[in-house]
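Next come the chains, spelled out residue by residue.
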Amino acid sequence: MFSRSRCLTRSVGRSIAALRQSNNVLARRAASGISTPQCITVRNNLKFETRPSIFQIRYFKTTASHKNEVLTINTPAFAESVTEGDVRWEKAVGDTVSEDEVVCEIETDKTSVQVPSPAAGVIEELLVPDGGKVEGGTPLFKLRKGAGAPKAAAAPAPAAEAPVAAAPPPPPPTAATVGSIPTTMPPVPPVPAQPATSKPVSAIKPTAAPAAPAAGAGAKGVRSEHRVKMNRMRLRIAQRLKEAQNTCAMLTTFNEVDMSNITEMRKVYKDAFLKKHGIKLGFMSAFVKAAAYALVDQPSVNAVIDDTTKEIVYRDYVDISVAVATPKGLVVPVIRGVEGMNFTDIERTINELGEKARKNELAVEDMDGGTFTISNGGVFGSLFGTPIINPPQSAILGMHGIFDRPVAVGGKVEVRPMMYVALTYDHRLIDGREAVTFLRKIKSVVEDPRVLLLDM
C-alpha cells in the first residue's frame, strides 16, 4: 500500500516536471519566433500537443455565439431610375429558410426585385410591414442563422398552427351566416378570393376583415366583392398610358398581311432551325426585322419630340421594345441594335428576354430605352385592336391573330392565313403618308422576306 502511494506520487511529480519543462520550451520557441505544433489528442475538453518530451494543455474556444448569430438584411440597391418600392412578404416570423430562398419581393415601378436569404436560419423579425415602402439600404428583416436555426423554428411553429388546428370543429354548421364565421378561419378563405396571379400573402398579415365576405361568396344567394391593392407596376402602367393619351395626338392606321409565305418558310425550316440553333423559329423575328427595316426607311417613326426643348430627336439606331405579358402586368424588354441583327439573333434575344420575364428576373436595364414598340395581341386570339403608344416613343405596332379568310388573289377568291396589323402613331410628329408607308413596308417584308435581300 505504502509502495503504491509512493509510485503514484513519483508519477505525478514527473508529469508536473514535464509540463513545466514543456512550458519553458514553448516560451523559448515563442521568443525565438518558432511556431508550435497543432493539437493531436483531445481528452475531457483538453488539448494535448506533443513533440518528443513536450506536452502542452490548451482549452477549446467556444463557438456558440457564432451559431445563433442574428443578421440584419437590407434592401438591395435599386437602379438609378428607381427610388423606392413596395415590400411583399413571402415568409413570416418564425419561418425556417434555406440559403438563397426568397424571403420577399420588392415591387418597383418597372419590375420586381427578389430578396433571398443570405444563409439558412429562422426569420426572427420583419422590420417593414407587408406593402410598406422601402428605399435602397433600408433594413428589411432579421435572420437568426446557424445550427440553432431548426430548433428555433420548432418553437414558433405550434403556436402559429394552433389557430388553424382549432378551425375544423366550426365548419359542420354550413348554414352559418357571414357574420358568424369564427375568427380562426381567415387563413383559409382568402385562397379562392384572391386572383390566381396574385402573390402569396404574408402569414403575419391580418386577414380577418377581407376573409369574411370572401368566405360567403360560395353560399347560395350571397353576392360579395373584394378589393385588391394595385401593385406599383400596375399603377405605373396606368400613369404612363394616361400620360400618353394626354400628351400625344394619337392616330391609328391599319393594314392586313398575307402570312402564307412566312408560314410556309417556318414550316419548312423550323426543325432544321431548332436543331442548329436550339431555339424555335417564330413569327416575331420576321416582324421585328421588318419593323427595323421600315424604321430605317422612315426615320420620323423612330424619332421623338423633346417637349422641354421643342426639338425632334432622330435616332440612328433601332432599339425595339417587345411587350410581354406577366402575372403582374405588361413589361417591355428591349432588343437593342436590331438593325444589325438577323432572324437568328432576334429569336435568341427574344427567347432570353422571355425566359427572364417568366422567371421575374428582368432588370430595369432590360427595359430602359427603346425607340419603337411591338405588341402581339394575337397570341391571346385578338382579331383587331388599336394599341396605345409607349411614351416617350412616337409609335407602336399592334400584331393580331392569324385567321383564314377569303381574299382576292389575281382576280380569284382564295382562302389565305391573314393578319390585321395596326400602327398607332403621334400625329404631332408623324404624318399620315409616313405612317402608311411605314406599315406597307412592314407588310411587304413579312409577305416576302426576299425584299430584305434585295433592299427594295
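Conventions adopted
Residues numbered from 1 in each chain as written. Predicted model: local features only at pLDDT ≥ 70, side-chain atom pairs only at ≥ 80, totals over all residues. Heavy atoms only, no water. UniProt positions renumbered as here; feature names shortened; annotations may be inferred. Helix = DSSP H or I, 4+ residues; strand = E, 2+ residues; numbered from the N terminus. Expected span 1.5 Å × (residues − 1). Buried < 20%, exposed > 50% of the residue type's maximum accessible area, 1.4 Å probe, protein only. Pairing = 2+ DSSP bridges. Salt bridge = Lys/Arg side-chain N within 4 Å of Asp/Glu carboxyl O. Contact = heavy atoms within 4.5 Å. Polar contact = N/O pair within 3.5 Å; in protein donor to acceptor, adjacent residues only side chain to side chain. Axes fitted to C-alpha atoms, helices over the stretch in contact; angles between N-to-C directions. Parallel < 35°, antiparallel > 145°, perpendicular 65-115°, else oblique. Left-handed = near helix turned anticlockwise from the far one by under 90°. Phe/Tyr/Trp six-rings, centres within 6.5 Å; stacked < 30°, edge-to-face > 60°. Lys NZ or Arg CZ within 6 Å of the ring centre and 35° of its normal.

Listed under Sequence similarities (unreviewed entry) in UniProt, the entry text for the chain is "Belongs to the 2-oxoacid dehydrogenase family." The chain has a UniProt comment under Cofactor (unreviewed entry) that states "(R)-lipoate".

### A short note on helix 12 (residues 432-447)
A rise of 1.5 Å per residue sets the reference length of helix 12, with its 16 residues, at 22 Å; its end C-alpha atoms lie 22 Å apart and thus fit the reference within 8%. Residues of helix 12 that are buried: Glu434, Ala435, Phe438, Leu439, Lys441, Ile442, Lys443, Val445 and Val446.

### Topic: the sheet that holds strand 19 (residues 372-376)
Read across the open sheet, the six strands follow the order 12-21-20-19-15-18; overall the sheet is mixed. A strand with exactly one partner marks an edge of an open sheet, and here the two such strands are strand 12 (250-258) and strand 18 (334-335). Pairing analysis gives two bridges linking strand 15 (residues 320-322) to strand 18, with the strands arranged antiparallel. Residue pairing in the sheet places Ser321 in a bridge with Val334 of strand 18.

### What to know about the environment of Val407
Within the secondary structure, Val407 sits in strand 20 (residues 395-409). Given a relative accessible area of 14%, Val407 falls into the buried group. When the C-alpha atoms of Val407 and Pro417 are compared, they prove to be 9.5 Å apart, with 10 residues separating the residues in sequence.

### Focus on the pattern of salt bridges
Applying the stated criterion across every chain, the model contains 16 salt bridges. A salt bridge links Glu124 to Arg144; the shortest N-O distance between them is 2.6 Å. Taken as a pair, Glu124 in strand 9 (residues 121-126) and Arg144 in strand 11 (residues 139-145) lie far apart in primary sequence, 20 residues in all. By relative accessible area, which is 34% here, Glu124 ends up partly exposed. Given a relative accessible area of 25%, Arg144 falls into the partly exposed group. One connected set of salt bridges, linked through shared partners, spans Asp258, Glu414 and Arg416.

### Let's talk about helix 10 (residues 343-358)
Helix length check: helix 10 (16 residues) gives 22 Å between terminal C-alpha atoms against 22 Å at 1.5 Å per residue, within 8%. Among the residues of helix 10, those classed as buried are Phe343, Thr344, Ile346, Glu347, Thr349, Ile350, Leu353, Gly354 and Ala357. Looking at the packing, one finds that the buried side of helix 10 touches helix 8 (260-277), helix 9 (284-297), strand 16 (324-326), strand 18 and helix 13 (450-454). A side-chain oxygen of the first residue of helix 10 lies 3.1 Å from the backbone nitrogen of Thr344; this N-cap is Asn342. Following helix 10 by one or two positions, Asn360 has its phi on the positive side, about 60 degrees.

### A word on the packing of helix 8 against helix 10
Contact geometry for helix 8 and helix 10: axes closest at 13 Å, N-to-C directions at 70 degrees. With respect to helix 10, the element helix 8 is oriented roughly perpendicular. In the crossing of helix 8 with helix 10, the sense of the turn from one axis to the other is right-handed. Facing Met265, Phe273 and His277 of helix 8, the residues of helix 10 in contact are Phe343, Thr344, Glu347 and Arg348.

### A look at the packing of aromatic side chains
This model, assessed by the stated rule, comprises four aromatic pairs. Seen in terms of ring centroids, Trp89 and Phe141 are 6.0 Å apart; in terms of plane orientation they differ by 85 degrees. Their pairing is edge-to-face. Of this pair, Trp89 sits in strand 5 (residues 84-89) while Phe141 is found in strand 11, placing the two residues 52 residues apart along the sequence. Exposure class is identical for Trp89 and Phe141. Each is buried. Here the aromatic rings of Phe254 and Phe384 are separated by 4.7 Å at their centres, their planes lie at 25 degrees, and the arrangement is stacked. With Phe254 in strand 12 and Phe384 in the loop between strand 19 and strand 20, the pair connects residues that are 130 residues apart, well separated along the chain. Among the aromatic residues, those joined into a cluster by ring pairs are Phe254, Phe384 and Tyr420. Above the face of the Phe283 ring, Arg266 is positioned so that its terminal group lies 5.2 Å from the ring centre. Just above the ring of Tyr420 sits the side chain of Arg405; from NZ or CZ to the centre is 4.0 Å.

### Side note on the sheet that holds strand 11
Whenever strands of a sheet pair, they do so through backbone hydrogen bonds, lying parallel or antiparallel. Reading across the sheet, the four strands line up as 4-11-9-6 and stay open at both edges, with antiparallel pairing between neighbours. Two strands close off the open sheet at either side, each with one partner strand: strand 4 (70-74) and strand 6 (96-97). Inspection of the sheet shows strand 6 paired to strand 9 by two bridges, in the antiparallel sense. Residue pairing for strand 9: Thr96 is matched across the bridge by Val122.

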